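The chain contents come next:
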Amino acid sequence: MKIKLFPNLCIPATRFKTAVDSVFAGLLLLLSSTQVFANVEVALAEPNWQFLLESAPVSPISAQLPPQEKRFAREIQPLLSKQEFEAVATAFEQRPLANDSAALQQLRGQVMLSLKRYDEAENALKSALQQMPNLALAHRSMSMLYMLNKNYSKAREHLSRSIELGVADAQLYGQLAYLNLNSQRPAAAIAGYQQALYLQPDNLQWQQGLLYAWLNSHNFDSAQRLVEDMIEQGQHENPHELWLLRSQIALQREHPEQALSSLEVALQLSPQDLSNSLLAAKLHVQHGSIPRAIELLKLSLGNDEVVESAEYWATLKQVLPWLLNQQRYASVDSLLSAATRVEVPVDFQGLLNLYRGQIAVARNANKRALKYFSQAIKHDPLLPEALLGIAKLYQSQNKYQQAENYFVRASSLPQVQQQALLAHAQMQIEQRQFQQAVGLLQQVIKLNPNRRDIKHNISELQKIIRQQQYGA
């Protein structure tokens with residue numbers, strides 16, 4: 001906000017005349033919509049990635065059991081068929097790992113992996129690969145082991161080797177795509193998911209993985225086409241997630257109206273989603289319906305999570321000043337009344353009274369405004385806008401000493417330091433205390449040396465002071 005203390009200053013030879021603009025008008029928090037709501041993002045759940053340790057078809061490089069191990073294999077086969085892996089593990093524990101063939105070591109590794117006994121699984125699989133470096137199924141199991149331990153570079157190495165050795169199905173391509181996606185290689189992830197979808201075109205996980213890969217590579221047009229295809233197929237178990245994805249894509253493409261319409265569909269399908277309800281409210285404030293934004297914010301107060309939700313109260317801190325700036329006082333009144341029906345966090349109680357005071361100022365109800373600002377300061381003695389509000393009200397009543405006390409308190413707070421100093425200087429000028437005003441403006445220059453307008457005002461004030469001193 002530019003503040004001209006002396007517009008068109010004219011100093012006659014016989015008298016001093018100062019024309020002073022008001023520093024604050026209504027003490028509203030003036031925030032542009034781009035400042036308040038620039039960083040909006042749809043809340044999306046992480047996909048539930050599920051990879052299967054399936055047995056691939058026997059390949060020419062698969063390990064074969066030697067005759068002396070076939071009896072043991074027949075004994076554990078019924079247990080394997082029933083997936084009684086603990087019993088199989090117990091049977092393996094009776095045999096030294098080093099004496100087994102690569103085939104049994106590889107099987108032992110798979111069993112231990114299924115039981116989440118990862119160290120034992122790694123030892124068995126490494127032993128198998130030492131005996132038989134081209135054992136494709138062991139490479140495949142090793143890749144799964146490292147993927148579960150989030151060692152993505154080693155997992156990728158074994159997955160790639162499995163594919164080179166001829167074990168290449170949709171699961172492997174999907175796993176490789178997942179690894180590339182988590183290693184910030186979206187282009188490679190796209191290729192992997194496309195190959196997996198070629199083999200399993202109806203697999204929702206590969207479709208969702210490809211969506212995320214498109215998004216990470218900023219190919220939003222392709223992502224939108226895919227998500228719309230998935231919506232049309234109607235096979236997703238949580239369709240609201242697809243609408244959330246469509247909304248996110250629209251935000252990335254800077255199509256807020258489309259994002260809002262998609263978000264509204266998602267909320268119809270999942271109305272208890274607090275984060276996305278708040279996002280929809282903010283988008284409505286900017287690009288949709290103010291009444292709908294107020295409705296969403298009020299409905300959210302019925303959510304059990306709202307009292308403990310820092311996100312909800314942070315949203316109100318964004319929306320309420322914006323509504324005040326737009327002179328939507330009835331909407332602010334409605335929201336404040338609804339908010340007081342729940343347990344308001346302690347750190348927000350001062351703000352509630354601040355907003356009430358700002359509405360009162362806008363309606364010229366100064367007595368009521370002073371009451372609300374005073375209550376706000378009781379809750380939060382360092383609430384900058386409330387201190388400035390009281391100071392300005394006392395100034396308007398010509399209670400300069402009380403006003404000065406609050407201007408001094410406000411000027412100690414970095415958030416409003418410059419505004420407080422300028423407003424204080426304004427008041428000193430109104431009282432013809434020009435020397436004091438110069439001192440205050442010089443403090444502003446120290447904080448912001450680039451304020452050429454303030455430097456000009458200081459120069460003009462100093463001329464007035466010299467004229468007073470020498471009677472010019």
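What counts, and at which threshold
Residues numbered from 1 in each chain as written. Predicted model: local features only at pLDDT ≥ 70, side-chain atom pairs only at ≥ 80, totals over all residues. Heavy atoms only, no water. Axes fitted to C-alpha atoms, helices over the stretch in contact; angles between N-to-C directions. Helix = DSSP H or I, 4+ residues; strand = E, 2+ residues; numbered from the N terminus. Parallel < 35°, antiparallel > 145°, perpendicular 65-115°, else oblique. Left-handed = near helix turned anticlockwise from the far one by under 90°. Contact = heavy atoms within 4.5 Å. Nonpolar A, V, L, I, M, F, W, Y, C, P; charged D, E, K, R; others polar. Expected span 1.5 Å × (residues − 1). Buried < 20%, exposed > 50% of the residue type's maximum accessible area, 1.4 Å probe, protein only. Phe/Tyr/Trp six-rings, centres within 6.5 Å; stacked < 30°, edge-to-face > 60°. Lys NZ or Arg CZ within 6 Å of the ring centre and 35° of its normal. Salt bridge = Lys/Arg side-chain N within 4 Å of Asp/Glu carboxyl O. pLDDT = per-residue confidence, 0-100. Polar contact = N/O pair within 3.5 Å; in protein donor to acceptor, adjacent residues only side chain to side chain.

Engineer: Outline the packing of helix 17 (residues 329–339) against helix 18 (residues 346–362), supporting the account with residue identities and numerical values.
Structural biologist: It is at 11 Å that the axes of helix 17 and helix 18 come closest, and there the two elements cross at 155°. Classed by the angle they form, the pair helix 17 and helix 18 counts as roughly antiparallel. At the point where helix 17 passes helix 18, the crossing takes the left-handed sense. Taking contact as the criterion, the partners of Tyr329, Val332, Asp333, Leu336 and Ala339 in helix 17 are, on helix 18, Leu352, Tyr355, Arg356, Ile359 and Ala362. Split into classes, the residues belonging to the contact of helix 17 with helix 18 amount to eight nonpolar, no polar and two charged.

Engineer: How would you summarise helix 22 (residues 417–430) if you had to cite specific residues and measurements?
Structural biologist: Helix length check: helix 22 (14 residues) gives 20 Å between terminal C-alpha atoms against 20 Å at 1.5 Å per residue, within 8%. Counting buried positions over the 14 residues of helix 22 gives ten, a clear majority of the element. Along helix 22, the residues that are buried comprise Ala420, Leu421, Leu422, Ala423, His424, Ala425, Gln426, Met427, Gln428 and Ile429. Packing partners of the buried residues in helix 22 comprise helix 20 (384–396), helix 21 (400–411), helix 23 (434–447) and helix 24 (452–470).

Engineer: Just give me the short version of the packing of helix 6 (residues 136–148) against helix 7 (residues 152–164), but keep the residues and values in it.
Structural biologist: Relative orientation of the contacting elements helix 6 and helix 7 amounts to 160°, with a least axis distance of 8 Å. One way to sum up the angle between helix 6 and helix 7 is to call them roughly antiparallel. You can see that helix 6 and helix 7 cross each other, and the crossing is left-handed. Residues Ala136, His139, Arg140, Met142, Ser143, Tyr146 and Met147 of helix 6 form the contact with helix 7, whose own contacting residues are Tyr152, Lys154, Ala155, His158, Leu159, Arg161 and Ser162.

Engineer: A description of the packing of aromatic side chains should follow, citing residues and the corresponding values.
Structural biologist: Following the criterion strictly, the structure yields seven aromatic pairs and no others. Consider the rings of Tyr312 and Trp313, whose centres lie 5.2 Å apart with planes at 85°: the pair is edge-to-face. Feature note: the residues Tyr312, Trp313, Phe348 and Tyr355 constitute an aromatic cluster, connected by ring pairs. Across from the ring centre of Phe72, 4.4 Å away, lies the NZ or CZ of Arg95, which sits over that ring.

Engineer: Please give an account of the pattern of salt bridges that cites residues and values.
Structural biologist: The final tally for this structure, using the stated rule, is 16 salt bridges. Close ionic contact of Arg140 with Asp169 constitutes a salt bridge, the shortest N to O distance being 3.2 Å. Of this pair, Arg140 sits in helix 6 while Asp169 sits in the loop between helix 7 and helix 8 (170–182), placing them 29 residues apart in sequence. What makes Arg140 buried here is its relative accessible area of 3%. Asp221 is paired through a salt bridge with Arg253; the nearest N and O atoms lie 3.2 Å apart. Here Asp221 is found in helix 11 (residues 220–233), whereas its partner Arg253 is found in the loop between helix 12 (239–252) and helix 13 (256–269), with 32 residues between them in sequence. Taken together, the shared-partner salt bridges connect Glu86, Glu93, Arg117 and Glu120 into one network.

Engineer: Pulling in residues and values, what's your account of the confidence of the model for the protein chain?
Structural biologist: When pLDDT is averaged along the protein chain, the result is 82, and 86% of the positions lie at 70 or above. The element-level mean pLDDT for the protein chain is lowest in helix 1 (residues 33–37), coming to 32, with helix 5 (residues 118–131) highest at 95. Across residues 1–61, where pLDDT falls below 50, the model places 137 contacts with residues more than four positions away in sequence or in other chains.

Engineer: An account of helix 8 is requested, with residue identities and associated values reported.
Structural biologist: Given a rise of 1.5 Å per residue, 13 residues ought to cover 18 Å, and the 18 Å separating the end C-alpha atoms of helix 8 matches this to within 8%. Most of helix 8 is tucked away, with twelve of its 13 residues classed as buried. Every buried residue belonging to helix 8 is among Ala170, Gln171, Leu172, Tyr173, Gly174, Gln175, Leu176, Ala177, Tyr178, Leu179, Asn180 and Leu181, and all of these are buried. Its side-chain oxygen at 3.2 Å from the backbone nitrogen of Gln171, Asp169 defines the N-terminal cap of helix 8. Positive backbone phi, approximately 60°, marks Gln184, located one or two places after helix 8.

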